[in-house]
Amino acid sequence: MTKKLWGGRFQEATDKLVEVFNASVTFDQKLAEQDIRGSLAHVAMLGKQGILQPEEVTQITEGLNSILEDIRAGNFEWSVSLEDVHMNIESRLRDRIGPVAGKLHTARSRNDQVATDFRLFTKEAALELADLLHGLRTVMVLEAEKHLTSDEGQPVIMPGYTHLQVAQPILLSHWFLAYVEMLERDESRFRDAAKRMDESPLGAGALAGTPWPIDRFATAEALGFARPTRNSLDSVGSRDFALEFLAACSIATAHLSRLSEELILYSTFEFGFLTLPDSHTTGSSIMPQKKNPDVSELSRGKAGRVFGDLMALLTVVKGTPLAYNKDFQEDKEPVFDAFETLAIILQLHIDMMPKAKWHAKVTRRAAQRGYSTATDLADYLARKGLPFREAHEVAGELVHLCVSQDRQLWDLTEEELKNAHELLTSDVAQYLTVESSANARLSYGGTGLERVREAVQDAKERL
Ligand code: ARG
């Protein structure tokens, strides 16, 4: 039986199943780097404060560094009976440097230790995801810029949808920029959250602080935190930093699932707006013609597990009394899972989006279908003084006529236009092309070419 680090008041061995149930080392070994950094900062501070002798600090520091090397090299055997990453490392330290290892845990508890490790991890993960989001944002801005000119020199026009019914023509660049906006907010959510995570819980002790003359500001600084947390109970008893991280992951993943859905739909044979690269699609083992958008489908599907991670931790934290509870050990896996899931989705999109080929002729043709410029016909009449509601009615009747005869609005004769309304003359046709429709929308934030050019510039400057 491995001797427990807390074994003093126990006479009987821990039940084997309890040991397995209680252990977190199978997953919290991911925190090994953070754990050792935390211990190094702690022991240095103990030395400076005169709590430990210089030679003790040296011995512990050297021991921890050699363990870190072993872990990095994959030469560390984790033991479930030592429960978690913290006790595995401390126990190894004792094997290596003897009883002086026991002084490391002076003025510290696993409660502030794990809170510190996990905050360090989550803060770094948040910043890593923010950087990846920045990368994808950059790719999407460049795509927006690229599609301002198609092969024919014109901006790429596609149908814009509401209710997934053709609504009005838009520029493909405008569509890209819509995702740029979402990704930009996602990135800032992680950066904001990281600011709130930027406080060190180390030194909060088990829950109430410590009688030792420690310097929490020094350990906070050594670990790259802006300051120590203010309240010891909150320090060991709060996990909202992880919840916020998971909420930000969930929102970003939701956005990526929408992008995925559009890519899946638009790359179907029926739509044919774009072709996804071979490198990011897969074939079928039975149907030779297939090119499946697996990356997009999985990105859409994995949103489910990331939302699940958020729900899992919200449910764990709900109703727990102050301060630390073992329930909180359940905080780690959802964060690891959401982090790894979102990171790979982002990297895949950074690689895939520039390789997708958009088919300008197809998207333009699609934009012409579905009477997408009927609003422009109504606007034409409204500009001539007819109240918009009446103009809408007239345009609606003409759409009905065209639908029943399978014709287009721009094919209507002078006669048919006059019959619909006396203010309607054949010069209306020039307003009914998809180019004129899109480019007329010059309101701030609209899809008119001039506005989109400015928006691309603006988005580039914000990068
Ligand atoms: N493995 C534990 C966790 O992840 C570390 C803290 C244990 N604290 C305690 N009082 N048992 O939460």
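Residues numbered from 1 in each chain as written. Predicted model: local features only at pLDDT ≥ 70, side-chain atom pairs only at ≥ 80, totals over all residues. Heavy atoms only, no water.

S.K.: Break down the UniProt feature "domain: Fumarate lyase N-terminal" (unreviewed entry) in the protein chain for me, citing the residues and quoting the values.
M.R.: As annotated by UniProt and renumbered to match this structure, "domain: Fumarate lyase N-terminal" (unreviewed entry) occupies residues 8–308. Taken end to end, residues 8–308 is 59% helix and 6% strand, and its two terminal C-alpha atoms sit 40 Å from one another. (UniProt positions renumbered as here; feature names shortened; annotations may be inferred. Helix = DSSP H or I, 4+ residues; strand = E, 2+ residues; numbered from the N terminus.)

S.K.: Please give an account of helix H13 (residues 360–368) that cites residues and values.
M.R.: Inspection of H13 places Ala360, Thr363, Ala366 and Ala367 among the buried residues, and these make up the whole buried set. Down the axis, H13 shows its buried residues gathered within 130° of arc, on one side only. Residues of H13 that are buried in the fold lie against strand S1 (157–162), strand S2 (165–171), strand S6 (357–358) and helix H17 (434–440). (Buried < 20%, exposed > 50% of the residue type's maximum accessible area, 1.4 Å probe, protein only. Arc of directions from axis to C-beta. Contact = heavy atoms within 4.5 Å.)

S.K.: Can you lay out the side chain of Ser173 for me, pointing to particular residues and giving the numbers?
M.R.: Following the sequence through the fold, Ser173 ends up in helix H7 (residues 172–196). Overall, the relative accessible area of 0% leaves Ser173 in the buried class. Among all residues touching Ser173, those that are not within four sequence positions of it are Ala144, His147, Leu148 and Val452.

S.K.: With reference to specific residues and values, describe the UniProt feature "domain: Argininosuccinate lyase C-terminal" (unreviewed entry) in the protein chain.
M.R.: What UniProt calls "domain: Argininosuccinate lyase C-terminal" (unreviewed entry) maps, in this numbering, to residues 371–438. From the first C-alpha to the last, residues 371–438 spans 13 Å; its make-up is 59% helix and 0% strand.

S.K.: Tell me about the pattern of salt bridges, and name the residues and values.
M.R.: Inspection of every chain in the model, using the stated rule, returns 34 salt bridges. Of the charged contacts in the structure, one is a salt bridge between Asp70 and Arg96, with a shortest N-O distance of 2.9 Å. Residue Asp70 is found in helix H4 (residues 54–72), and its partner Arg96 is found in helix H5 (residues 85–97); the two are separated by 26 residues along the sequence. Notably, a salt bridge pairs Glu83 with Arg110, separated by 3.2 Å at the nearest N-O pair. Of the two residues, Glu83 is situated in the loop between H4 and H5 and Arg110 in helix H6 (residues 110–146); the sequence distance between them amounts to 27 residues. Residue classification places Arg110 among the partly exposed positions, given a relative accessible area of 25%. Through salt bridges with shared partners, a single ionic network connects Asp131, Arg137, Glu181, Glu184, Glu187, Arg191, Asp458 and Arg462. (Salt bridge = Lys/Arg side-chain N within 4 Å of Asp/Glu carboxyl O.)

S.K.: Tell me about the packing of aromatic side chains, and name the residues and values.
M.R.: Overall, the coordinates contain 19 aromatic pairs when judged by the stated rule. On the basis of an interplanar angle of 90° and a centroid distance of 5.8 Å, the ring pair of Phe121 and Phe339 is categorised as edge-to-face. Highlighted residues: Phe121 in helix H6 and Phe339 in helix H12 (residues 332–352), separated in sequence by 218 residues. Each of the two residues, Phe121 as well as Phe339, counts as buried. Judged by centre distance (5.6 Å) and plane angle (45°), the ring pair of Tyr266 and Phe271 falls under tilted. Assessed through its relative accessible area of 23%, Phe271 is described here as partly exposed. (Phe/Tyr/Trp six-rings, centres within 6.5 Å; stacked < 30°, edge-to-face > 60°.)

S.K.: Outline the nonpolar core, supporting the account with residue identities and numerical values.
M.R.: Counting 74 residues, the largest nonpolar core has Leu129, Trp175, Phe190, Phe245 and Trp358 as its most contacted members. If sequence neighbours within four positions are ignored, Trp175 has contacts with Met158, Ile170, Leu259, Glu262, Leu263, Tyr266 and Trp358. Core analysis: the second largest hydrophobic core is formed by 23 residues, Ile36, Ile67, Val85 and Leu93 among them. (Core = buried A, V, L, I, M, F, W, Y, C linked by side-chain atoms within 4.5 Å.)

S.K.: Which residues make up the site of the ligand, and what are the values?
M.R.: All residues in the neighbourhood of the ligand are listed as Ser24, Asp28, Asp84, His86, Arg110, Asn111, Val114, Tyr324, Gln329 and Lys332. One of the side-chain nitrogen or oxygen atoms of Asp84 is found 3.0 Å away from a nitrogen atom of the ligand. Note that a nitrogen atom of the ligand is positioned 2.8 Å from one of the side-chain N or O atoms of Gln329. Protein burial of the ligand: of its 340 Å² of free accessible surface, 86% is covered by the chains. Per-element accounting of the shell around the ligand gives the leading share, three residues, to H6. (Near = heavy atom within 4 Å. Polar contact = N/O pair within 3.5 Å; in protein donor to acceptor, adjacent residues only side chain to side chain. Areas by Shrake-Rupley, 256 points an atom, 1.4 Å probe, with all protein chains shown as cover.)

S.K.: Would you mind going over the environment of Phe245 in detail, with residue names and values included?
M.R.: Along the chain, the position of Phe245 falls in helix H10 (residues 240–266). With 120 residues separating them in the primary sequence, Phe245 and Ala125 have C-alpha atoms 8.8 Å apart. Residues within four places of Phe245 in sequence aside, it is in contact with Thr122, Ala125, Ala126, Leu129, Phe190, Met197, Val335 and Phe339.

S.K.: Go over the pairing of S2 with me, naming the residues and quoting the values.
M.R.: Relative to S2, S1 runs antiparallel, the two sharing six bridges. Residue pairing in the sheet places Met158 in a bridge with Ile170 of S2. Between S1 and the antiparallel strand that follows it, S2, lie two residues; His163 among them carries a positive phi value of about 60°. (Pairing = 2+ DSSP bridges.)

S.K.: I'd like a description of the packing of helix H11 (residues 294–317) against H12, backed by residues and values.
M.R.: Contact pair H11 / H12: the axes reach a minimum separation of 10 Å and the direction vectors enclose 155°. Considering the angle they form, H11 stands roughly antiparallel to H12. As H11 runs across H12, the sense of the crossing is left-handed. Contacts between H11 and H12 pair Val295, Ser296, Ser299, Lys302, Arg305, Val306 and Asp309 from the former with Pro334, Asp337, Ala338, Thr341, Ile345, Leu348, His349 and Met352 from the latter. Across the contact of H11 with H12, the residue classes break down as seven nonpolar, four polar and four charged. (Axes fitted to C-alpha atoms, helices over the stretch in contact; angles between N-to-C directions. Parallel < 35°, antiparallel > 145°, perpendicular 65-115°, else oblique. Left-handed = near helix turned anticlockwise from the far one by under 90°. Nonpolar A, V, L, I, M, F, W, Y, C, P; charged D, E, K, R; others polar.)

S.K.: So, the packing of H6 against H10: which residues are in play, and what are the values?
M.R.: The N-to-C vectors of H6 and H10 enclose an angle of 20°; their axes lie 10 Å apart at closest approach. Between H6 and H10, the angle is such that the two are roughly parallel. Remark: the crossing between H6 and H10 carries left-handed chirality. When H6 is examined against H10, the residues Phe118, Arg119, Thr122, Ala125, Ala126, Leu129, Leu136 and Met140 are found in contact with a partner set consisting of Phe241, Ala242, Phe245, Cys249, Leu256 and Leu259. Here the residues of the contact of H6 with H10 are counted per class, giving twelve nonpolar, one polar and one charged.

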